[in-house]
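Given next are the chains, with one letter for each unit.
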Amino acid sequence: MDNKIVLRRKDWRKLFKKMRRKRIRRRVAQDRDRQLAEIEKLKLNNPSYVAYLQEKERSELLSQQQQEELSRYENALWMDREMEFQLAYKEKQKQFEAAAKQEHEKRSRIRKEFEEQMQKANAMKAEKERLLTEFRQKQQERERMLAEYLMGIDDNVATLRETIHSRAGANPCSFFSKIGSCRYGLRCSSDHQTPSLSELILIPNFFAHPALDDQQHPEYGNDLAIEFDEDELNRCYRDFFFDIIEEFEQFGTITTIFTCRNFEPHLKGHVFIQYNDMRSAAKAFQRMNGRFYASRQLHIEFRSPIAWTSAVCGLFEQSRCQKGKVCNYLHLMVNPVSKYRYDHFKELQSARSSRRLCERTPMIQRTWDEIENSIPSKTNWRWSESPAVEITSRSRHQSSRQKSPDQKESTIKHCTRDTNRERRSSYNSARRRRSRSKSSDRSDRHREHDKHRSRSPSNSMGDRKTKERFKSTQSNSRKEHRASDGLGKSRSRS
């Protein structure tokens, strides 16, 4: 059974019209092609048109050849550029490969250096841990030996008194050995030699007061000296002194207590406490190290015995220190207790006398047989009155028995001359002692007079009067020395 398509009238008419339009367009196209063919046939019969066509064909062929040549030329140029680009690309590729290789080598070198640094850091860390462990073990061993020493066992005193070096092998720091502190601290290139046990202990930055602070205060600014004067500083130091003396006198007999009033950070508020023996200093170190005073933890250190005459600023004791706040020698507070007070001039005089005693010629040791034989001993001509060899009194007496009366008279005159010379030297030494005692008394009076005065720059008029009075006393002492010298000379001549 055939399948038939049934269309509606409307659809049929639409399809019919479409087919009719198609037949009409085909017929019109056929007519147009037939007319064009007739026209072309007529044109071909015309020789001029045929020549035109031939010329047009030749021109098209020529243009085609030219186009081919141009395309070949452009193709050659393109090939040249492509070759240049290829060469440049290859060069860039080589440069890129070289840069990549260099970067890879650099990265590998950096990685290798980093690994070496990490190995060194790990080795240093392990070494630090080892040293820290050894230090802790030594510290524990030292604490054990110190506890035994405090219990009365003196077997490990030599080990406890070993010197600790900050830079072993370097030259010792002269300033640290002189005053017990250095402005450079651990950055100093010299060696700081610190004893592990000594009679002298140092408590850094123990005494604190706003008057000793050289920095600008947030509340008072640069007018800090007006708010906190010398009287306020002395009153606070008096309270501080009696606070610490109550604690530190429990451990033993204290020889000296010095508190620095310097403005430099490496000396500001330092307190030096020297005991009579090392056991008392060890007790103070064990009991007071790590304690808190005024919300600040104490860190106590041992120091070698210090020659205070070279460490203390003598010009500051006379209120004449020109360096002022930047002075690196010890500026000491005046202790309220007289037995711990420092007198620079007496200490200097005692140091000089002890130095003179050390520099004296040692006594000649002789046996009893040498004394009985009465052998004439020859003294050193450098210490005699003349370059001639001196003869002892006993040999003079024996020689006087064997000489003539004229020789005896000359010998007696020589002996009297020697005795007069000895009397003159003894008188001169006594006169020197009296002059020293007078000068020390004058210095004591001068110091007692300056004790009630402030060391601030506002007392310049009082300092000027004190200096004038001191000059007048010096001139009077010179006159007395001249008079005593004239009296001694007249007596020696008589």
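Along each chain, residues carry numbers from 1 onward, in the same order as the chain's sequence is written. Only residues with pLDDT of at least 70 are given local features in this predicted model, and only at 80 or more are side-chain atom pairs given and counted; all residues enter the totals for whole chains, interfaces and linings. Only hydrogens and water are set aside when side-chain values are computed; all heavy atoms of the structure are taken into account.

1. Topic: the pairing of strand β3 (residues 200-203)
Burial of the side chains of β3 extends over both faces: Leu 200 and Leu 202 are buried on one face and Ile 201 and Ile 203 on the other. Of the strand pairs in this sheet, β3 and strand β5 (residues 271-275) are connected by four bridges, and their pairing is antiparallel. Within β5, the position partnered with Ile 203 by the bridge is Val 271. With a 1.4 Å probe rolled over the protein chains alone, any residue whose accessible area is under 20% of its type maximum counts as buried; one over 50% counts as exposed, and the rest are partly exposed. Secondary structure is summarised from DSSP: a helix means a run of H or I of at least four residues, a strand means a run of E of at least two, and numbering begins at the N terminus for each. Strand pairing is assigned whenever DSSP detects at least two bridges linking the two strands.

2. A look at the packing of helix α2 (residues 47-151) against helix α7 (residues 278-288)
Orientation of α2 relative to α7, taken along the N-to-C sense of each, is 130 degrees, at an axis distance of 10 Å. The orientation of α2 relative to α7 falls into the category oblique. For the pair α2 and α7, the crossing hand works out as left-handed. Contacts from Arg 142, Leu 146, Tyr 149 and Leu 150 in α2 reach Met 278, Arg 279, Ala 282, Lys 283, Phe 285 and Gln 286 in α7. In terms of residue class, the contact of α2 with α7 is built from six nonpolar, one polar and three charged. Helix axes use the C-alpha atoms of the stretch in contact, all axes being lines fitted to C-alpha atoms, and the angles between their N-to-C directions lie in the range 0 to 180 degrees. When an angle is under 35 degrees it counts as roughly parallel; over 145 it counts as roughly antiparallel; between 65 and 115 it counts as roughly perpendicular; any other value is oblique. When the near helix sits turned anticlockwise from the far one by under a right angle, the crossing is termed left-handed; a clockwise turn instead gives a right-handed crossing. Note on contacts: a residue pair qualifies if any of its non-hydrogen atoms lie within 4.5 Å across the two residues. Residues are sorted three ways: Asp, Glu, Lys and Arg are charged, Ala, Val, Leu, Ile, Met, Phe, Trp, Tyr, Cys and Pro are nonpolar, and all the rest, Gly among them, are polar.

3. Let's talk about the sheet that holds β3
Spatially, the four strands line up as an open sheet ordered β4-β5-β3-β8, and their pairing is antiparallel. One side of each edge strand has no neighbouring strand; the edge strands of this open sheet are β4 (254-259) and β8 (301-303). This sheet shows a mean twist of 25 degrees between the axes of neighbouring strands, independent of strand direction. Where β3 lies against β8, three bridges are found, and the strand directions are antiparallel. Counterpart to Leu 200 in the pairing with β8 is Arg 303. Each of β3, β4 and β5 touches helix α6 (residues 230-248); the most contacted strand, β4, lies at about 145 degrees to it.

4. Structural notes on the nonpolar core
Residues grouped as a nonpolar core are buried Ala, Val, Leu, Ile, Met, Phe, Trp, Tyr and Cys residues, joined through side-chain atoms within 4.5 Å. Of all hydrophobic cores here, the largest spans 37 residues; its most connected members are Ile 201, Phe 248, Ile 273 and Tyr 275. Elements with a contribution of two residues or more to this core: α2, α3 (157-160), β3, α6, β4, β5 and α7. For this core, the leading source of residues is α6, giving seven residues. Beyond its immediate sequence surroundings of up to four residues, Ile 201 is in contact with Phe 248, Val 271, Phe 272, Ile 273, Tyr 275, Ala 281, Ala 284, Ile 300, Glu 301 and Phe 302. If you look at the next biggest cluster of nonpolar residues, it comprises 14 residues, including Phe 272, Ile 306, Ala 311 and Leu 332.

5. Section: the packing of aromatic side chains
By convention, a stacked pair of Phe, Tyr or Trp rings (six-membered ring in the case of Trp) has centres within 6.5 Å and planes under 30 degrees apart, an edge-to-face pair has planes over 60 apart, and any other such pair is tilted. Summed over all chains, the structure comprises 17 aromatic pairs. Here the aromatic rings of Phe 206 and Phe 240 are separated by 5.0 Å at their centres, their planes lie at 80 degrees, and the arrangement is edge-to-face. Within this pair, whereas Phe 206 is found in the loop between β3 and α5 (224-227), its partner Phe 240 is found in helix α6, the two being separated by 34 residues in sequence. As far as burial versus exposure is concerned, Phe 206 and Phe 240 are alike and both buried. Ring centres of Phe 248 and Phe 251 lie 6.4 Å apart, and the angle between their planes is 70 degrees; this geometry places the pair in the edge-to-face category. Side by side, Phe 248 and Phe 251 carry an identical accessibility label, which is buried. Chaining the aromatic ring pairs together yields one cluster made of Phe 206, Phe 207, Tyr 237, Phe 240, Phe 241, Phe 242, Tyr 293 and Tyr 340. Lying over the aromatic face of Tyr 149, Arg 279 brings its terminal NZ or CZ to 4.3 Å of the ring centre. Working rule: Lys NZ or Arg CZ, within 6 Å of ring centre, within 35 degrees of ring normal, means a charge sits over the ring. A cation over a ring is seen here: Lys 325 above Phe 263, with NZ or CZ 5.0 Å from the ring centre.

6. Remarks on the pattern of salt bridges
Whenever Lys or Arg places a side-chain nitrogen within 4 Å of a carboxyl oxygen from Asp or Glu, that contact is recorded as a salt bridge. Under the definition given, this model contains 16 salt bridges. Glu 148 is paired through a salt bridge with Arg 144; the nearest N and O atoms lie 2.6 Å apart. Linking Glu 148 with Arg 144, this pair stays in helix α2, spanning four residues, or about one helical turn. Judged by its relative accessible area of 21%, Glu 148 falls in the partly exposed class. Among the residues examined, Arg 144 registers a relative accessible area of 37% and is labelled partly exposed. If you follow the salt bridges from partner to partner, you end up with Glu 127, Arg 130 and Glu 134 in one network.

7. Focus: a positive patch on the surface
For patch detection, residues must exceed 30% relative accessible area and be free of salt bridges, and they are connected within 9 Å for like charges or within 5 Å for nonpolar side chains (Val, Leu, Ile, Met, Phe, Trp, Tyr). Where accessible areas are quoted, they stem from the Shrake-Rupley method and a 1.4 Å probe; at the residue level, only the protein chains shown are allowed to cover. Positive charges come from Lys and Arg alone, negative charges from Asp and Glu alone, with His and the N- and C-terminal ends not counted. In this description, the location of a charge corresponds to atom NZ of lysine, CZ of arginine, CG of aspartate or CD of glutamate. Side chains of Arg 9, Arg 13, Lys 17, Lys 18, Arg 20, Arg 21, Lys 22, Arg 23, Arg 25, Arg 26 and Arg 27 sit close together on the surface and give a patch of like positive charge. Along the chain, Arg 21 falls in helix α1 (residues 9-44).

8. A closer look at the state of the cysteines
When the sulfur atoms of two cysteines come within 2.5 Å, that pair is taken as a disulfide. Tallied over the entire structure, the rule returns zero disulfides. Here Cys 173 stays unpaired: no disulfide links it, and the sulfur of Cys 182, its closest cysteine neighbor, is 3.9 Å away. Cys 173 gets classed as buried once you look at its relative accessible area, which sits at 8%.

9. Considerations on the packing of α1 against α2
Running from N to C, α1 and α2 cross one another at 95 degrees; their axes reach a closest spacing of 6 Å. On the basis of the axis angle, α1 is roughly perpendicular to α2. Residue-level inspection shows Glu 40, Lys 43 and Leu 44 of α1 in contact with α2, the latter providing Tyr 49, Val 50 and Leu 53. Looking at the contact of α1 with α2 residue by residue, the class counts come to four nonpolar, no polar and two charged.

10. Description of unusual backbone geometry
Notably, Asn 205 is not glycine yet its phi reads approximately 50 degrees, a positive angle. Relative to the elements of secondary structure, Asn 205 occurs in the loop between β3 and α5. Judged by relative accessible area, which is 35%, Asn 205 ranks as partly exposed. At Ser 319, a residue that is not glycine, the phi angle is positive and equals roughly 60 degrees. In this structure, Ser 319 sits in the loop between α9 (314-317) and α10 (344-359). With relative accessibility at 35%, the residue Ser 319 sits in the partly exposed group.

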